[in-house]
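# Structure at a glance
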Amino acid sequence: MRKRLEVSTDIREPVFGEIYYDYHLGHHFSALNSLIGAKQAGVFEIDDPTTEMLLGDLYTEFGLPREGDVAISRVQAQDIPSSTRNMPWLRYGKLLYQLGNDAPTENYLRKPPSTLTSYQEAERRLMLANILIRKRSFNEAINMLKSMPAEGAMANYGVYNLGIAYLQGDQPEEGLARLDSLANQNVTDEEGLNLKDKAALAVAYYHIQNEDYELGRQSLLRVRLEGPYSNQSLLALAYSHYLNKAYAETLPACLELQRRNPADPAVQEAFLLSARVYEEMGFKAQALAGYRIANKVLREQLLQLEKTSLKIDGENWPDIMAPRQVNTEDLDPLNVKQIPATNDAITAGLFAKLFASPKFNEGFRQYQQVSRLVQLLEERHRDVDALQEIAKTLENRKDNLSVSADRQQALKDQYVALIKRWQDLQLRFKQMNSSAEAYTDAASQAENARLQQLNRLGRKLQKLKSAGTERDVRDIQARLDRLKSITLFEIARHAASRDEIFDKLQQSTAQLRLTKSRLAVLDNLLSDNQQIQKAAYSQRLPILEKKINELEVRVTDAKGQYRDYLKNLARSLLQERRDTLTNYLGETYLGTERVESKPAPAAPTEESTGKS
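Residues numbered from 1 in each chain as written. Predicted model: local features only at pLDDT ≥ 70, side-chain atom pairs only at ≥ 80, totals over all residues. Heavy atoms only, no water.

A count of helices and strands for the protein gives 26 helices and zero strands. For the protein, buried positions account for 40% of its 612 residues. A total of about 36,500 Å² of accessible surface is found on the protein, and carbon and sulfur atoms cover 52% of it. (Helix = DSSP H or I, 4+ residues; strand = E, 2+ residues; numbered from the N terminus. Buried < 20%, exposed > 50% of the residue type's maximum accessible area, 1.4 Å probe, protein only. Areas by Shrake-Rupley, 256 points an atom, 1.4 Å probe, with all protein chains shown as cover.)

This is the structure in structure tokens:
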């Protein structure tokens, strides 16, 4: 019981409670600002482990790896609960991984805390194994993935990466076994189905590259016809027949692809492949038509590509891919959606490869964060302008403050007088049960005169009192008392009832309480106005406005830098697509020229047909 009644006197607890409340509500930007402000105010020490880990986590989420690393490293050696340490540590590793910094990411992920959960350890190993595969350190990646503790989707990703590592590490039997087990799984969720298709496609690619076309086709049959990997699988199916010189079987997959979105490189290549197939089969007319159709489609895609290139030069080009905010006022820069959305099908199809890149995704997320910062600063600028107008209006009332203070004091004096009067009335109300004289306030003028006359007679009678007249005086006094009682009875009879008086007293009590509340509000208003006069906000707010203007310039510059960074990534993809389309167009021209230059097949003769 004593422990339950103990109350903490640590002033940091309510401050940290508010910060943590914002953090768990998803208001991470508010939590970050509050935490930085509390540290600058000296509420928390610079080496406080809990707040430093939280600060490092929020810095990391905001895309500031250096600041996050400084905060986390400052308390890394201290005794911190694993629930506080692990998640910020892992989030920082994810940020390094998404930025594409393989060397620092590998060094960081090789030194994990000793108390990671099995899921967190699986995430760490998966990221580190991907880096090792890119470094071609296949054996180390295999050893790391073989013992990865995970279940569900995370375990499936580990199996897929393990299979790829085996294949690239010259252990095809092990790799194909892992990928086949994944491709044959019975799953129903979209993520699991996509990974299943990807595993089947990887197996098919391996068999086709090794000229085992039948096994490749069997693996491709496990890929869904409508899915993110369906176009690649249809193109692979077409090539499995084409490379095996089964030209007629190549056409169905090519024709199916030609019905799909021509912005997809697999669809573009299918137009060329079908024309080549007709050419190999000796169908000159169909081959010429195929090359001409492919030329028309590819020219149209090149035109769309150039239009998209012009869009990229726009001032706010990445905004066309930002998620639309519908019926929301959430401007928290740390609460942006992870998946971009756009109504522009060409842009969405063209940049699907970009959004598959962690580096582009992280840059795009940070661009959205900075864009929201710009909006927040614009909103704060409007708030400061409104506050300046209010401050000027309040300061103009300076001359009226002394008059208002005097009036307020007069009202308080009147209130005190009313309280005293109310107390007297309460006392008289209590006396009504025991004395009729409590009703004298309700007497008429005649009744008051009669009572005064009776009182005067009583005083004179007392003066006449002596030893010989005592009995007569007593009798006359009794008669005077009876007359007085009759008069008081008459007064009480036509006076208000006790219940009515009680109700009026209750109403007066409520009105006095309301008056007290109103006086308290007026006191607060008066005090606030006096403090505003002393604070001189109209002189301080311009300084705040200047700071906001400086921040707007810096944030706008940062937004421009992120926009240019995304533009460079997009331009490099556009150039890659432009080169591919140009090569494809060159092939259509060469193919057309090649087919037209070939002699037409000779007409069959009677001798060749064997007829006489």
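Right, let's get into the pattern of salt bridges. Taken as a whole and assessed by the stated rule, the structure comprises 21 salt bridges. Notably, a salt bridge pairs Arg260 with Glu256, separated by 3.3 Å at the nearest N-O pair. Both residues of the pair, Arg260 and Glu256, belong to the buried class. The salt bridge partner of Glu379 is Arg380, with a shortest N-O separation of 3.4 Å. Classification of Arg380 as partly exposed rests on a relative accessible area of 38%. Salt bridges here are not isolated pairs; linked through shared partners, they connect Glu106, Arg110, Lys135 and Glu140. (Salt bridge = Lys/Arg side-chain N within 4 Å of Asp/Glu carboxyl O.)

All right, on to a nonpolar patch on the surface then. A surface patch of nonpolar side chains, amounting to about 320 Å² of accessible area, comprises Leu411, Val521, Leu522 and Leu525. Take the nonpolar patch: its biggest share by element is three residues, from helix 24 (residues 498-535). Along the chain, Val521 falls in helix 24. (Patch = residues over 30% accessible without salt bridge, like charges linked within 9 Å, V, L, I, M, F, W, Y side chains within 5 Å.)

For the pair helix 14 (residues 230-242) and helix 16 (residues 265-281), interaxial distance at closest approach is 10 Å and the crossing angle is 20°. Classified by the angle their axes make, helix 14 and helix 16 are roughly parallel. In this structure, helix 14 crosses over helix 16, and the sense of that crossing is left-handed. Of the residues in helix 16, those in contact with Asn231, Gln232, Leu235, Ala238, Tyr239 and Tyr242 of helix 14 are Ala266, Val267, Glu269, Ala270, Leu273, Arg276, Val277 and Glu280. (Axes fitted to C-alpha atoms, helices over the stretch in contact; angles between N-to-C directions. Parallel < 35°, antiparallel > 145°, perpendicular 65-115°, else oblique. Left-handed = near helix turned anticlockwise from the far one by under 90°. Contact = heavy atoms within 4.5 Å.)

Quick look at unusual backbone geometry now. Even without being a glycine, Arg136 presents a positive backbone phi close to 65°. Turning to its location among the elements, Arg136 is positioned in the loop between helix 8 (118-134) and helix 9 (138-146). Taking the relative accessible area as the measure of exposure, Arg136 reaches 60% and is therefore exposed. Within the chain, Asp170 stands out as a residue other than glycine whose phi angle is a positive 60°. Summarising the element assignment, Asp170 is placed in the loop between helix 10 (152-168) and helix 11 (172-183).

The next subject is the side chain of Arg276. Locating Arg276 in the fold gives a position in helix 16. Setting aside residues up to four positions removed in sequence, Arg276 forms contacts with Tyr239, Tyr242, Tyr291 and Glu587.

Our next topic: the side chain of Ser230. If you trace the backbone, Ser230 turns up in helix 14. Aside from chain neighbours lying at most four places away, what touches Ser230 is Arg224, Leu225 and Arg260.

Close contact between helix 10 and helix 11 brings their axes to 7 Å; oriented N to C, the two are set at 155°. Taken together, the axes of helix 10 and helix 11 are roughly antiparallel relative to one another. The crossing of helix 10 and helix 11 is left-handed. In contact with Asn156, Val159, Tyr160, Leu162, Gly163, Ile164, Tyr166 and Leu167 of helix 10, helix 11 contributes Pro172, Glu174, Gly175, Leu176, Arg178, Leu179, Ser181 and Leu182. Of the residues assigned to the contact of helix 10 with helix 11, the class counts are ten nonpolar, four polar and two charged. (Nonpolar A, V, L, I, M, F, W, Y, C, P; charged D, E, K, R; others polar.)

A general trend in soluble globular proteins is that nonpolar side chains are found buried together. Ranked by internal contacts, the top residues of the largest apolar core, which has 49 residues, are Leu220, Leu273 and Phe360. When near neighbours in sequence (up to four residues on either side) are disregarded, Leu220 contacts Leu201, Ala204, Ile208, Ser233, Ala236 and Leu237. Judged by nonpolar contacts, the second largest core, of 28 residues, contains Tyr97, Tyr108, Leu126 and Leu132. (Core = buried A, V, L, I, M, F, W, Y, C linked by side-chain atoms within 4.5 Å.)

Together, Arg456, Arg459, Lys460 and Lys463 line one region of the surface with positive charge. Mapped onto the elements of the fold, Arg459 is located in helix 22 (residues 445-463). (Lys, Arg positive; Asp, Glu negative; His and termini not counted. Charge placed at Lys NZ, Arg CZ, Asp CG, Glu CD.)

Its location among the elements puts Glu552 in helix 25 (residues 537-597). C-alpha of Glu552 to C-alpha of Glu378: the two residues are 174 residues apart in sequence and 8.0 Å apart in space. If we ignore the near neighbours within four places in the chain, the residues touching Glu552 are Leu377, Glu378 and His381.

Tallying each qualifying case throughout the model produces four aromatic pairs. Ring centres 4.9 Å apart and planes at 70° place the aromatic pair Tyr92 and Tyr108 in the edge-to-face group. A residue pair is termed long-range when its members are at least 10 positions apart, and Tyr92 in helix 6 (residues 82-98) and Tyr108 in helix 7 (residues 102-109) qualify at 16 residues. Accessibility classification places Tyr92 together with Tyr108 in one group, the buried group. An aromatic cluster of three or more residues is present, and its members are Trp89, Tyr92 and Tyr108. (Phe/Tyr/Trp six-rings, centres within 6.5 Å; stacked < 30°, edge-to-face > 60°.)

A few words now on helix 10. Counted at 1.5 Å a residue, the expected span for helix 10 with its 17 residues is 24 Å, and the 25 Å between its end C-alpha atoms agrees. Judged by how many residues are buried, helix 10 sits mostly within the fold: twelve of 17 residues are covered. Here helix 10 has its buried residues at Met154, Ala155, Asn156, Gly158, Tyr160, Asn161, Leu162, Gly163, Ile164, Ala165, Tyr166 and Leu167. Taken together, the buried residues of helix 10 touch helix 8, helix 9, helix 11 and helix 12 (190-209). (Expected span 1.5 Å × (residues − 1).)

Another aspect to go through is the confidence of the model for the protein. When pLDDT is low, close inspection of the predicted coordinates is not appropriate. Averaged over all residues, the pLDDT of the protein is 78; the fraction at 70 or higher stands at 80%. Taken as a whole, residues 1-5 scores under 50 in pLDDT and shows zero contacts with residues more than four places along the chain or in a different chain. In the model, residues 606-612 has pLDDT below 50 throughout and makes two contacts with residues more than four positions away in sequence or in other chains. (pLDDT = per-residue confidence, 0-100.)

Attention now moves to the environment of Asp481. On the secondary structure map, Asp481 appears in helix 23 (residues 470-494). Separated by 27 residues in sequence, Asp481 and Leu454 have C-alpha atoms that sit 8.4 Å apart.

Turning next to the environment of Pro149. Positionally, Pro149 belongs in the loop between helix 9 and helix 10. Spatially, the C-alpha atom of Pro149 lies 5.6 Å from that of Ser118, the residues being 31 residues apart in sequence. Once residues within four sequence positions are removed from consideration, Pro149 is found in contact with Ser118, Glu121, Ala122 and Arg125.

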